[in-house]
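# Observations on the model geometry
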Amino acid sequence: MTAIYTRAELRNFLEAEKAQSRQIGLVPTMGALHQGHLSLVEKAIQENDRVIVSIFVNPTQFNNQDDLDTYPQNLEADLDLLKPFLPKVVVFAPSIEEMYTDRVKAENYDLGGLDHVMEGAHRKGHFEGVATIVETLLRTTSPDRAYFGEKDYQQLLIIKKLIRDKGLDVTICHCPIVREPNGLAMSSRNSRLPKRLRERAGIIFNTLQSAKKQFGTKSVTNIEEWVEEVFRNEPDFELEYFSISDANTLIPVDQKHINKEYRAFIAVYAGDTRLIDNLALN
Ligand code: PAF
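In this text, all values refer to a predicted model and were calculated from it rather than measured experimentally. (Residues numbered from 1 in each chain as written. Predicted model: local features only at pLDDT ≥ 70, side-chain atom pairs only at ≥ 80, totals over all residues. Heavy atoms only, no water.)

We now examine the site of the ligand. All residues in the neighbourhood of the ligand are listed as Pro28, Thr29, Met30, Asn58, Gln61, Ile133, Phe148, Asp152 and Gln155. In the environment of the ligand, an oxygen atom lies 2.6 Å from a nitrogen or oxygen atom belonging to the side chain of Gln61. Note that an oxygen atom of the ligand is positioned 2.7 Å from one of the side-chain N or O atoms of Gln155. Burial of the ligand by the protein amounts to 89% of the accessible area it has alone, namely 290 Å². A per-class count over the shell around the ligand returns 4 nonpolar, 4 polar and 1 charged. (Near = heavy atom within 4 Å. Polar contact = N/O pair within 3.5 Å; in protein donor to acceptor, adjacent residues only side chain to side chain. Areas by Shrake-Rupley, 256 points an atom, 1.4 Å probe, with all protein chains shown as cover. Nonpolar A, V, L, I, M, F, W, Y, C, P; charged D, E, K, R; others polar.)

Before going further, it helps to examine the layout of surface pockets. Quantified by volume, the second largest pocket comes out at close to 260 Å³. Looking at the second largest pocket, it is lined by 14 residues, and the ones nearest its centre are Ile55, Phe56, Val57, Gln73 and Pro94. When its residues are assigned to classes, the lining of the second largest pocket shows 9 nonpolar, 4 polar and 1 charged. (1 Å grid on protein atoms, 1.4 Å probe; cavity = no way out; pocket = protein on both sides within 12 Å on 5 of 7 lines; lining within 4 Å. Points joined across faces, edges and corners; volume = space filled by probe spheres on them.)

With that settled, consider the nonpolar core. In this structure, Ile52, Val134, Leu138 and Ile172 are the most contacted members of the largest nonpolar core, which totals 40 residues. Sorting the residues of this core by element identifies α1 (7-19), β2 (24-29), β4 (89-92), α7 (126-141), β5 (145-149), α8 (153-166) and β8 (262-270) as the ones contributing at least two each. Dropping the residues within four chain positions of it, Leu138 is found in contact with Leu26, Pro143, Ala146, Ile163, Leu168 and Val170. Within the second largest apolar cluster, 27 residues are counted, among which are Leu197, Phe205, Ala211 and Leu281. (Core = buried A, V, L, I, M, F, W, Y, C linked by side-chain atoms within 4.5 Å. Buried < 20%, exposed > 50% of the residue type's maximum accessible area, 1.4 Å probe, protein only. Helix = DSSP H or I, 4+ residues; strand = E, 2+ residues; numbered from the N terminus. Contact = heavy atoms within 4.5 Å.)

Summed over the entire model, instances satisfying the criterion amount to 22 salt bridges. In this structure, the salt-bridge partner of Arg274 is Glu119, at a minimum N-O distance of 2.8 Å. One end of the pair, Arg274, is in strand β9 (residues 273-280); the other, Glu119, is in helix α6 (residues 119-122), and 155 residues separate them in sequence. Classification of Arg274 by relative accessible area gives buried; the value is 14%. On the basis of relative accessibility, which here comes to 5%, the residue Glu119 falls in the buried class. A salt bridge links Arg200 to Glu234; its shortest N-O distance comes to 2.9 Å. In this pair, Arg200 sits in helix α9 (residues 195-200) while Glu234 sits in the loop between α11 (220-232) and β7 (237-246), placing the two residues 34 residues apart along the sequence. Look at Arg200 and you get partly exposed, because its relative accessible area is 31%. Using a relative accessible area of 14% as the deciding quantity, one classes Glu234 as buried. Here the salt bridges do not stand alone but share partners, grouping Asp67, Glu119, Arg123, Arg189, Arg192, Glu240 and Arg274 into one network. (Salt bridge = Lys/Arg side-chain N within 4 Å of Asp/Glu carboxyl O.)

Structure, rendered in structure tokens:
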């Protein structure tokens, strides 16, 4: 399977497709594809005539050079995984120079405060990097639909806001989190975990599920204290944050209100590897 490497070549390809009124889906990824990505590709295939899977490790969304340097990359393996989806899927695998022509820098965005909490608070500049590359990908491909996973739920809300603010004509579609047998949310970073930690990392989802059970009867503060206690007793894992937040504004909640949707969010270090997850509470 081959890929398209330049924006010019991609535009030519898409022009010909659109001339035949073909519906285009975009699945943006950073490669190291897993079943979570494939669930997005499968949904995109059902809903479009052609699906562009972009594979690009975007440097401006990494706030930590080590994380960028060790981010798993294997284009050949990714192309092999996508082979069964030929000819509907076309891979776009540009270089850094291709995506950032002048300077490798994120643009400034007003993300309405959605970027001030959780991932945004702990990874400075991360969402401006994400918004920059997603906007570039959307403008390059002008898809009818673009697909994102709910594991990056905060990213999903930020991208929806970006689309509204920029008046981009694309439907944002999302797919549920795909999990390993022990409940660990699938992530490209899981491949960096030693086997023992990967097996034990099911504790993250188990904790979210217990938090959900407690949500009906206990206060948010009690649940937060309980989660902190769980991880204090787990030398293999370090809790970075746990937050129960409004599912639409991401504002952390102290008092529950009926008719509002809430979600629990968590970030945990397993050794050097940072893992995130989230779960709807009601
Ligand atoms: O979710 C990701 O993999 C990345 O943040 C994205 C959306 C591909 C942008 O680089």
